[in-house]
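Next come the chains, spelled out residue by residue.
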Amino acid sequence: MTKTTHSIIILLIALQAILEPINSNAQNEDNILSTTSLAEKIYLQLDGKVYTKGNIVWFKCIVLNSGDHIPSALSGVLYVELITPEETIHEKKLIKIENGIGQGFFYLGKDLSEGLYLVRAYTQWNKNFGSDFFFEEYIRVFDSETNGSEEKPITDITLVKEETNKSRLKAGFNPLLIDKEHKDILTVIVSLDDKKDTLTLRKEKSDLYRIDYEIEAESRFATLQMQTENNERYSTTIVLNEDVLDLQFFPESGELVHRLQSKVGFKALDANGQGKFIEGDIVDEKDSVITSFKSNELGMGSFILNDVDSTKKYFARLVSKSEENQVLLYPLPRVASRGNTLSVERKDEQILLTAMSNYLENDSISLIVSFRGVRLYDMKVGLKQGIFKLSIPVEKLPEGIIAFTMKDSYLQPVAERLYFNERQKTRLNISVSTDKDIYGKRELTDLSISTTDSEGNPLNTNLSVLVINKQQLGKMQSTRQNILSWFLLNSELRGKIENPGFYFKNKDSRPNDLDALMLTQGWRKYNYSKQYNELPFQPELSLSVSGQVSSVLSKKIKKQAELTMLTFGEIKSGYTQTADSLGRFRFDLVDEYGDKLNVLIQSAKKSGKKMDYNILLDKNESPPVEFNHTKTVGKLDSVVKVLIEKNEEREKIDEAFPLQSGDILLDEVEVIAYRLTPTRKKVMEEYGEPEEVIEGEEILAQEEKWSYGLYSVLMFKFPDVVDISRGRDGTLYAVVRGTDMTLVVIDGKPIKYYDYKFIPNIPPSEVSSFEIIRCAENFLQLYIDVTGSPFLPGILCGSVISIYTHSGKGIYGVTPTVGLMQATVPVFSASREFYAPKYENIQPDDWTKPDLRALVHWEPELETDSLGNVSLSFYNADNVGEMVVVMEAVSDDGRIGYKEFVYEVEGKEKEIILVN
């Protein structure tokens, strides 16, 4: 049994034990209804939602077992990515996870463009379950200097409505604002809701590009994305109909059924996809009022329909506020003549379950209660006159989303329902106190924090403390996702949950709001309804280098290969290993921090003799990006504008005042252009400047698992750059289009014809750059050096392919036939300490520089002592008013907790005494 399999079995046993199954048969493996119960849940607590260029995005990482929320022991490596609006990965970090906890940051450089960015996190293990268990959070990045007033690359967006129930979308594009080297052809992708169309545009006399595109009248959103010749991208999303109201209805167990009572959830969305308050009546086809309804502030709610008739039609009737006396009718789903309903509601401390059918009057049915993919309760019962009722104590079910399923005698699901069981007593309690009620500017604040269970017993807990200015960041914090909403809601339901923090705020309306969310989000968006037959991705406990060795002449190795790997990080390390019968190998690394780690792998027989094996490293590719562009249509509200203005004010202060003691500079972002090395200079002087340069990193990024060398990547991924064809001798040759002959130079050294067979198999990881010099100078001399012949038949334009390698040792320094592999592998991102001024040794000049921080303090990892206590101190800024302390915590036994605490800073300044 492998260590991985053992860990999964332990996870299953722990999961089933903590769920307290109702029936005695719930402890066997047949009760695992979905393999997604084995997934990990990932949560990132970000310090904010809105940033300006030059800010740092701070985040804490929490990785828990899906079923019991105990900190995961499966994964020690977390991948966190910052993804641009153009769906490219701007930065990717590897975060070390210990006991389910880690931390990191992203620096938003000044070269970053404005827009909506996606922060995504996942483990290697969670790739088994698609994107359902990835963490995602969208943040907005603004330029405080322009405050949104700069010239936009896509302008003059106009919707022209025609009489034929169609419309035309017009827009202008200026690619030079994002790519100064762009010259001619512009690619524009038009996305209308879920449909995409690719257009090729040529510029007009005004140097602008324009589209006049016909669209269907029912389209709600349009995303315009332009791509320049150099693959620079820019996109924007617009609403096509500002007045549209999308009103959807969700019968409690899937459908309305003739003569059966049913609860119906509803959800109203405006043109921007945001919930919109509505109220109205439910009427039949004769306009008779059946019942009235009213939504919450997020546009959701429910109503009861009794004795509905399948021969009738029903409508929701609203009165439009935009046009006087205009009545809007929205049809409800048709009533099924035959069917079943499954009703779930809470009465005091009991959950009442009612199964009804209008055709299975006295038949047997099965009722299944499950939680996060594990069956808790399975009961075969008989209907009496089409009805069966069951009462379950609330405390007998865990807190969270419970799935109820009704099956007929053929074990086919006929009704389903999701229900949120709220049990606050199972959460972690956080209490906090301060040493004072009111503080002054820059005064030291002391916090004392205690964590316990519902009975007051101390708990071993890891918690974070975020201190923010309420005026600038408080509104966003109150509605954004937090540790409760993520682990209890977002992580289990696919799709957007608007203002997730809303569901755990208002105690009086919370049960109804949570139930409306369960009704409208729907069973089909439940993450635990899938079954995966294979789990190909193994848990990643540590950094590793893995791959496969094979014979030069065959993919199989005839004898076991001994592998030696050297690493060249801060600590030079050596590793040895024997590949398995398939040639597979894996080296587990000691922890390394930074950006990349250089490694060298050598193969040999068991005798120690060096062997000419091919060594191919596994590629750890990022999953496909799924970017929700409709989120980009949001407008600036007053809170965001204030925050941007404050950030701009802070930047001006930093520029106006020199660095003082204790200040630190942010890391500079170095932009590296074409680096003229001595070898490159020599090649350029000999043959001329390159017209096309492909960096080695770009080639490596395009390498597939089936790739077998440099030329295979060029052939399939860069067909427009160079032709790759097979010669009569079976060797692959690279030819520059439109030229009479192509010769190759590697690291400044001409390649002899008898060595051309080695070029195709150069590992992409060894290539620094691939450059094309068209109609090269001194081509005759190069031809003589390569062939030894002075005769150059009819060559008017001979081109040179110049390949540069990391080793700089030419063809024999990189060919894989020598049993060596040099590569760079990613390592853990180094953590960074949150900086805040310390005013304990305040200097007179310090008061001349205002301290306007909105983020007062960030402490991502605090461990409580054996009594559940922990304390910390920090200095306030110059902002006055209320400060919000946000605490998020998880205990060793899987309890989660959230707490907000408010204290006040008043305008009194600290007295400074000058000593002569």
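Every value quoted in this text rests on a predicted model; they were computed, and no experiment measured them.

Caption draft 1: Quick look at the pattern of salt bridges. Overall, the coordinates contain 39 salt bridges when judged by the stated rule. One salt bridge in this structure joins Glu-214 and Arg-168, with 3.6 Å as the shortest N-O distance. Here Glu-214 is found in strand S13 (residues 209-216), whereas its partner Arg-168 is found in strand S10 (residues 166-173), with 46 residues between them in sequence. Among the residues examined, Glu-214 registers a relative accessible area of 42% and is labelled partly exposed. We note a salt bridge from Arg-680 to Glu-771, for which the minimum N-O separation is 2.8 Å.

Caption draft 2: Geometry of the environment of Ile-392. Along the chain, the position of Ile-392 falls in strand S29 (residues 387-393). Judged by its relative accessible area of 3%, Ile-392 is buried. Sequence separation between Ile-392 and Ile-351 is 41 residues, and the spatial gap between their C-alpha atoms is 5.1 Å.

Caption draft 3: A look at unusual backbone geometry. With a phi close to 55 degrees, Asp-156 is a non-glycine residue in the positive phi region. Mapping Asp-156 onto the fold places it in strand S9 (residues 154-161). You can call Asp-156 partly exposed: its relative accessible area is 48%. Even without glycine at this site, Arg-372 takes up a positive phi of about 50 degrees. Within the fold, Arg-372 resides in the loop between strand S27 (364-371) and strand S28 (374-382).

Caption draft 4: Quick look at the sheet that holds S13. Taken in spatial order, the three strands of this open sheet run S9-S10-S13, and their pairing is antiparallel. If you trace the sheet from one side to the other, it starts and ends with S9 and S13, each paired once. Strand-to-strand twist of the sheet, defined as the mean angle between neighbouring strand axes without regard to direction, takes the value 15 degrees. Inspection of the sheet shows S9 paired to S10 by six bridges, in the antiparallel sense. The residue bridging Ile-154 from the neighbouring strand is Phe-173, located in S10.

Caption draft 5: Expanded view of the environment of Ile-178. Position of Ile-178 relative to the elements: it lies in the loop between S10 and strand S11 (186-192). Residue class for Ile-178 comes out partly exposed when judged on its relative accessible area of 24%. Remark: the alpha-carbon pair of Ile-178 and Gln-227, spanning 49 residues in sequence, is separated by 9.6 Å. Contacts of Ile-178, omitting those with residues within four sequence positions, involve Pro-153, Met-226, Thr-228, Glu-232, Arg-233 and Tyr-234.

Caption draft 6: Representation of the packing of aromatic side chains. The tally for this structure, following the rule as stated, stands at 28 aromatic pairs. Ring plane angle 15 degrees and centroid distance 5.5 Å describe the contact between Tyr-79 and Tyr-122, whose orientation is recorded as stacked. Of this pair, Tyr-79 sits in strand S4 (residues 77-83) while Tyr-122 sits in strand S7 (residues 115-122), and the two are 43 residues apart along the sequence. Linked through ring pairs, Trp-125, Phe-129, Phe-133, Tyr-526, Tyr-528 and Tyr-532 together constitute an aromatic cluster. Looking at Arg-338, its charged tip hangs above the ring of Tyr-359, at a distance of 4.2 Å from the centre. Over the face of the ring belonging to Phe-105 we find Arg-832, whose NZ or CZ atom lies 5.4 Å from the ring centre.

About the cut-offs
Residues numbered from 1 in each chain as written. Predicted model: local features only at pLDDT ≥ 70, side-chain atom pairs only at ≥ 80, totals over all residues. Heavy atoms only, no water. Salt bridge = Lys/Arg side-chain N within 4 Å of Asp/Glu carboxyl O. Helix = DSSP H or I, 4+ residues; strand = E, 2+ residues; numbered from the N terminus. Buried < 20%, exposed > 50% of the residue type's maximum accessible area, 1.4 Å probe, protein only. Pairing = 2+ DSSP bridges. Axes fitted to C-alpha atoms, helices over the stretch in contact; angles between N-to-C directions. Contact = heavy atoms within 4.5 Å. Phe/Tyr/Trp six-rings, centres within 6.5 Å; stacked < 30°, edge-to-face > 60°. Lys NZ or Arg CZ within 6 Å of the ring centre and 35° of its normal.

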